[in-house]
2 protein chains.
Amino acid sequence: MLENPKPNDGIVGLQLPPPLKCLLTFKDYLSVESKARQPSSLKGAAKYLKNPGLISLGGGLPCAEYFPIEEITVKVPSPPHFSEQETRELGQIVRAGKYDASEGDSVYDLAIALNYGLGSGSAQLIRFVTEHTEIVCNPPYADWHCALSVGSTSALEQAYRMFCERGDYVLSEEYTFVSAVETALPLGIKFLGVKIDDQGLIPESLDDILSNWDVRARGARKPHILYTVPSGQNPTGATQGTARRKAIYKLAQKHDLYIFEDEPYYFLQMQPYTGPNAPEIPPPANNEQFLKALIPTYLSMDVDGRVMRMDSFSKVIAPGSRVGWITASEQIVERFIRHNECSNQNPSGISQMVLYKLLDESWGHGGYLQWLINLRLQYTKRRDTILAACEKYLPKEIVSWNPPAAGMFVCLPSLPPLLTNSPSSGSNSTTTCTPIPAVQTTKRSSKSKKKSSIPLSIRASSSREAAGSQRRKLTSCPRTCFSGPLLRRHRRIR
Amino acid sequence: MLENPKPNDGIVGLQLPPPLKCLLTFKDYLSVESKARQPSSLKGAAKYLKNPGLISLGGGLPCAEYFPIEEITVKVPSPPHFSEQETRELGQIVRAGKYDASEGDSVYDLAIALNYGLGSGSAQLIRFVTEHTEIVCNPPYADWHCALSVGSTSALEQAYRMFCERGDYVLSEEYTFVSAVETALPLGIKFLGVKIDDQGLIPESLDDILSNWDVRARGARKPHILYTVPSGQNPTGATQGTARRKAIYKLAQKHDLYIFEDEPYYFLQMQPYTGPNAPEIPPPANNEQFLKALIPTYLSMDVDGRVMRMDSFSKVIAPGSRVGWITASEQIVERFIRHNECSNQNPSGISQMVLYKLLDESWGHGGYLQWLINLRLQYTKRRDTILAACEKYLPKEIVSWNPPAAGMFVCLPSLPPLLTNSPSSGSNSTTTCTPIPAVQTTKRSSKSKKKSSIPLSIRASSSREAAGSQRRKLTSCPRTCFSGPLLRRHRRIR
């Protein structure tokens, strides 16, 4: 899989991926736009520039001599001392010079990072995220690849344009990430909500929708895309368990669905909730225990190559890096890269350099996993704090909640029956997108209906939800987020 | 125009923009996709987060405490000492800390830059580029705005999606930037070439095409978009003079064209070429003289608001920053920002921070203009070197060239009659894009034909051009680029 596999710090027993290509192509699923993409002439020519001794008179790459940045340094935590206080006192300074690579000091330097790059992202950072994906997901087919994105919102927009035409339906959780919907709507793509319970998507509801799809009544072909946020879903906070994921993957096989696995909160899986004043569960003893405690990803069970996983550094390093990556079968990643070449090209080289210095040269995979364990424990503390506040201050006769297993969100729904009414009544526009109208199921609906009465949530912040009386009632049922400066003052005391 | 206008370093006599809105809306030109965009709920909610004392339980913004980057420093040149050698010896170290803003040390810090930002880009960098645009272009209407892009390729893709539908034609130079075409084709947008001479677009050819547009014969509505690279055009190296630009703008008014002004090479306008061994023209005496020597931009003559100018830091700072910006009327910029919110969101905050520290806090507008003068002189030297080599080594009986006034490219066409043949013969695919088939003009063609026999150029690097015998002949007519490490070794001697 990797050109230059690195030792993985002895943290996990890596298995070599099976020497099989993914079984299915999904080329028929590609849009007219995506099928029409040709390799970029400029990016195609760029690969010849590396030939030793070649002075190119071809493409218009500026000379590194004119990049007015001689050196960048970054002060970062030294594992396992991750707090801000420790970083100020014990942090390491990592340095990137302009000609480190040609001078043999590093494989990546500013002369490379500050110039044009390939549509996949830099080889250096791609290698790290590919190794990381292998450690965490270990996809069960051979020809999987990663490509950098400029964040998962962008990756998702590109994925829609790759797989959907105007008029198509995308399936998702009944209450879903507002930006996922708002990104799709202008492209003429509609969202259709699958009923959910405390573990997110209900397989029976998904099967129902697809088994009983009526092209004429719906005015659209049978959906071929499932968009899901399996862990710490936004806004409900629900996390799909292993069995649930397997059941949904099996249904995806039955109905030949392609899955967009959007996982910004995957590493914000927290320690099991033990209740107020109960003793805490000890943290993972080591990186291997930590990895074992994570719920398997869709990518890890994707024998067919029907999953595009979207990872992001936004929730685990910093959103401002605008760097994420996708993982999928080679043919799909190739189409994604073709689109990159003619749009954002690749993430900022400065961001890529900072991440490379931090993750690869400074922390390594072992240090990064230690950082992720640290985040797990930090978010566990935050969740437990807000749940303790809920216990103390909220009236249980009208509000209920489920302790989230991952993510940043706790739902505090009141008056559950309200939520089963059609939330689209009172909508002032067809672009109103959250919550998504519940699907009328035609069979197996008793189970779904029963499950759908468990706590749900809607976004707390939408101004649109204020329209119509039904809406006003729903706004009294907020989702809270515990990622903010709850535990201590944001501002540092010097 | 600016919320907090800064002193512009006394370098130019700024005039306040006239208190008039742009005259025309161009809303009818917007695509179905662009018209359907609604403000992002998340970005809309974000503005309330600044309220003092507010602890948000709303959107899922990570806490800055968990950004594992305590400090970034960047070593940059101290104007006017811009060489690498001088930077190593005399360069300044600029520093960005995590809480500089809340601690009163700066208006921009890593806690801001590393978190989610607004779709326009950060207020801090937007202010700088807006002031810079005012200094350079000073658009003649009041409600113009800038928004950051993740580079001009991305801005152009977004612009296509804003203004075009599948099947539309976009007009451009007959030989144009290959990525501009390759970005358009998968969207179902076709390019149509306007004849060119040594100053680029020929107004008569443009008028001809538009005056004689036959919707049925073309199978498409009359074009409403002109894509042009006015300065140092890629690949021909041509630069439109002031009179040429005015004539084209007037035609845009006549035919109600909207102009995409793509100007990566605008500040690579060089000193007038004096010929081999002739004395050099003295460099601009100061920033004001430099600004006066620049050819007026389309934006500077845009009384109607019919121009979207695309600026980029790629050729003047570093392509790897993946930061550029667009300037247009408020209504158009608003649509662009709506798209940003649901795609790339905004450029890397780390890039924005590095650029802000360099351009605003370190150099200021005066220092940045000094840097641009330095680039002008560097590229002048490079151009003169390659032209001297052409004089010395190339056989003039079969090769000719025009000294470029801007950009990175010199064309070396041979056998001009070849270029007037239809280059599409021998094309192996409808997506073959460069050169663009010449338009058959029906009147005024005598002048155009005469002008089109002056030196033209094609890209040297396209593998597609090898298809067909006609193609093979054309590849003997290369465009050279003088941006590479021609003058000294790329690798630094320690």
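Residues numbered from 1 in each chain as written. Chains lettered and ligands numbered in written order. Predicted model: local features only at pLDDT ≥ 70, side-chain atom pairs only at ≥ 80, totals over all residues. Heavy atoms only, no water.

At 3.6 residues per turn, the α-helix brings residues three or four places apart onto the same side. For helix α6 (residues 152-163) of chain B, with twelve residues, the first-to-last C-alpha span of 16 Å sits near the 16 Å given by 1.5 Å per residue. Judged by how many residues are buried, α6 of chain B sits mostly within the fold: twelve of twelve residues are covered. (Helix = DSSP H or I, 4+ residues; strand = E, 2+ residues; numbered from the N terminus. Expected span 1.5 Å × (residues − 1). Buried < 20%, exposed > 50% of the residue type's maximum accessible area, 1.4 Å probe, protein only.)

With an axial shift of 0.0 Å and an RMSD of 0.0 Å, the rotation relating chain B to chain A amounts to 180°. These values place the two chain copies in the arrangement generated by a two-fold rotation axis. Identified as the residue of chain B closest to the rotation axis by C-alpha distance is Thr-73 of chain B, at 2.6 Å. (Least-squares fit on C-alpha atoms with pLDDT ≥ 70 in both.)

Before going further, it helps to spend a moment on the interface of chain B and chain A. Between chain B and chain A, the contact holds 106 residues from the first and 106 residues from the second. On the chain B side of the contact with chain A, Tyr-66, Pro-68 and Glu-70 of chain B bury the most area, a combined 9% of that side's loss. Where chain B touches chain A, the interface holds six salt bridges. When the shortest N-O distance is used, the salt bridge between Lys-98 of chain A and Glu-84 of chain B registers 2.8 Å. Inspection of the region where chain B meets chain A yields 33 residue pairs in polar contact (both at pLDDT 80 or more). Residue contributions to the side of chain B that touches chain A peak at twelve residues, all from helix α13 (residues 349-393) of chain B. Residues that form the side of chain B that touches chain A fall into these classes: 47 nonpolar, 33 polar and 26 charged. Where strand β1 (residues 71-76) of chain A and strand β1 (residues 71-76) of chain B come together, five bridges link them in antiparallel fashion. Its bridge partner being in β1 of chain B, Glu-71 of chain A is matched across the sheet by Lys-75 of chain B. (Contact = heavy atoms within 4.5 Å. Buried area = accessible area lost by both parts, 1.4 Å probe. Salt bridge = Lys/Arg side-chain N within 4 Å of Asp/Glu carboxyl O. Polar contact = N/O pair within 3.5 Å; in protein donor to acceptor, adjacent residues only side chain to side chain. Nonpolar A, V, L, I, M, F, W, Y, C, P; charged D, E, K, R; others polar. Pairing = 2+ DSSP bridges.)

Right, let's talk about the packing of helix α6 (residues 152-163) of chain A against helix α12 (residues 330-341) of chain A for a bit. All names here are of chain A. Look at α6 against α12: their axes get within 10 Å of each other, and the N-to-C directions meet at 110°. Viewed along their axes, α6 and α12 adopt a mutual orientation that is roughly perpendicular. Between α6 and α12 lies a crossing whose hand is right-handed. Taken together, the residues of α12 that come into contact with α6 (itself represented by Ala-155, Gln-158, Arg-161, Met-162 and Phe-163) are Ile-332, Arg-335, Phe-336, His-339 and Asn-340. Considered class by class, the residues forming the contact of α6 with α12 number five nonpolar, three polar and two charged. (Axes fitted to C-alpha atoms, helices over the stretch in contact; angles between N-to-C directions. Parallel < 35°, antiparallel > 145°, perpendicular 65-115°, else oblique. Left-handed = near helix turned anticlockwise from the far one by under 90°.)

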